[in-house]
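Tertiary structure, described
Residue strings, one per chain:
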Amino acid sequence: MTTVCEYKPGLEGIPVAQSSISYVDGQKGILEYRGIRIEELAAKSTFLETAYLLIWGELPTKEELNKFENDIRYHRRIKYRIRDMMKCFPETGHPMDALQASAAALGLFYSKRALDNPDYIREAVVRLLAKIPTMVAAFKLMRKGNDPVQPNDELDYAANFLYMLNERKPDPLAAKVFDICLTLHAEHTMNASTFSAMVTASTLTDPYAVVASAVGTLAGPLHGGANEEVIDMLEEIGSVEKVRPYLDDCLQYKKKIMGFGHRVYKVKDPRATILQNLAEQMFDKFGHDKYYDIALEMERIVEEKLAHKGIYANVDFYSGLVYRKLGIPSDLFTPIFAIARVAGWLAHWKEQLGENRIFRPTQIYTGFHDEPYIPIAER
Ligand code: ACO
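Residues numbered from 1 in each chain as written. Predicted model: local features only at pLDDT ≥ 70, side-chain atom pairs only at ≥ 80, totals over all residues.

1. Re the pairing of strand β1 (residues 22-25)
We count it as follows: Backbone-placed C-beta atoms define the burial measure: a residue is buried with 20 or more other C-beta atoms within 10 Å of its own, exposed with 12 or fewer, and partly exposed in between. We count a stretch as a helix when DSSP gives it H or I for four or more residues in a row; a strand needs E for two or more, and each element gets its number in order from the N terminus. Only strands joined by at least two bridges in the DSSP assignment are considered to pair.
Alternating residues of β1 divide into S22 and V24, all buried, and Y23 and D25, none buried. Two strands pair when backbone bridges link them, and β1 and strand β2 (residues 30-33) are joined in this way by four bridges, in the antiparallel orientation. Considered in β2, the bridge of V24 is made with L31. Between β1 and β2, which follow one another and run antiparallel, lie four residues, and G29 among them has a positive phi close to 70 degrees.

2. Side note on the site of the ligand
Going by this rule: The C-beta atom of each residue is placed using the backbone, and any residue whose C-beta lies within 6 Å of a molecule or strand is treated as near it. Think of it as three bins: nonpolar holds Ala, Val, Leu, Ile, Met, Phe, Trp, Tyr, Cys and Pro, charged holds Asp, Glu, Lys and Arg, and polar takes everything else, Gly as well.
Close contacts around the ligand come from 19 residues, with A226, I257, F260, G261 and R263 the closest. The residue makeup of the shell around the ligand, split by class, is seven nonpolar, seven polar and five charged.

3. Looking at the UniProt feature "active site" (unreviewed entry) in the protein
We apply this condition: UniProt positions are given in the numbering used here, feature names are shortened, and annotations may be inferred rather than shown by experiment. What counts as a contact here is a pair of residues whose C-beta atoms, placed from the backbone, lie within 7 Å.
Following the UniProt record, one finds the feature "active site" (unreviewed entry) at H262 and D316. A compact arrangement is adopted by the annotated residues: their sequence extent is 55 residues, whereas the largest C-alpha distance between any two is 10.5 Å. Examined against the element boundaries, H262 turns out to sit in the loop between α12 (243-252) and α13 (270-286). Residue classification places H262 among the buried residues on the basis of 21 C-beta atoms within 10 Å. Beyond its immediate stretch of four places on either side in the chain, H262 contacts D269 and N314.

Okay, structure coming up:
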């Protein structure tokens with residue numbers, strides 16, 4: 001029996017899946033992965049352990065984690081042919097477009113669509129988690145005409161990425177902070193890119209296509225692209241005194257203030273609180289950033305003006321400030337979000353395969369019927 005439902009733009013409030021991967025309480029500012037609070041994971045876990053938890057549903061034993069980390073370490077390199085393909089990308093192209101194309105290209109080499117084989121699932125998870133950071137770092141260097149830096153087997157996941165990106169071993173605090181950033185971005189219930197991943201997954205295509213479609217969705221400024229826009233906005237404002245006139249202007253002309261607001265959170269995003277703390281740790285060790293003062297003033301005034309609408313800082317507001325201090329260019333902020341979110345996308349892919357039904361929603365037709373065809377000469 002088909003039930004007629006009310007049309008909700010953006011599917012707001014409509015459940016599209018049953019999931020045990022993560023949970024958000026937007027009124028209380030709670031985020032849990034597999035029932036564990038994000039604050040707990042940020043303080044005690046690592047990104048790869050958290051990825052394992054998300055994808056396989058429980059924390060790994062020491063042996064399981066060692067094997068997972070070693071497998072990922074082993075698969076970090078990318079094929080010469082993928083590097084050659086990336087060399088042909090225009091250097092002015094956005095790194096998210098480069099990542100989407102490269103992720104899809106992995107399917108040319110590894111797609112078997114053996115979706116009922118747990119070994120294939122595991123292999124795809126390992127390959128995607130291992131190779132996506134290498135591809136992001138490679139494009140950053142290749143677009144300047146430089147050779148990519150080979151992964152360093154002595155370094156863990158986060159440290160190795162910073163090493164490939166900045167061509168030197170990172171400070172331990174920087175590596176730790178970056179690892180926490182990955183954990184914070186690893187998963188977030190039914191957001192746009194995850195939904196996109198699930199729709200793609202439901203057709204039983206390969207996991208590389210699933211991740212490529214999610215990367216394309218994450219790229220937009222209303223989703224993952226907002227972190228890059230936050231830094232552009234802070235730079236455009238330029239000083240603490242100019243914050244209030246900038247915000248007045250946004251509100252007068254109904255312009256969205258980047259890094260604020262969320263479909264689900266009606267209080268400050270718990271990840272923004274952790275990221276703000278990480279930013280402060282980075283400033284204490286590596287020097288202050290004047291854009292942090294601008295950010296603090298923005299948060300204060302946005303709260304004063306928009307708290308009644310439940311609009312507070314979201315995950316994207318402070319992440320850019322942390323990444324800047326890590327020496328990461330702003331157009332790589334969203335690809336870094338993707339590196340982390342691969343874990344969540346793959347967890348949902350795996351869950352979707354468990355009880356798959358192809359997504360095929362309906363629409364409310366608002367067009368005409370029985371229209372005559374007018375020959376081109378008469379139009
Ligand atoms: N600045 C100013 N006003 C805002 C903002 C904002 N950032 N966000 C929401 N509002 C206002 C809207 O103007 C609207 O007001 P109205 O009811 O008076 O017309 C009301 O709050 C509801 O906003 P919607 O856009 O309908 O909320 P929605 O849930 O559709 O959008 C979204 C959520 C897209 C995140 C929105 O808040 C936004 O565009 N924020 C800026 C971009 C951003 O930071 N995105 C990152 C989100 S986190 C992530 O994806 C990882």
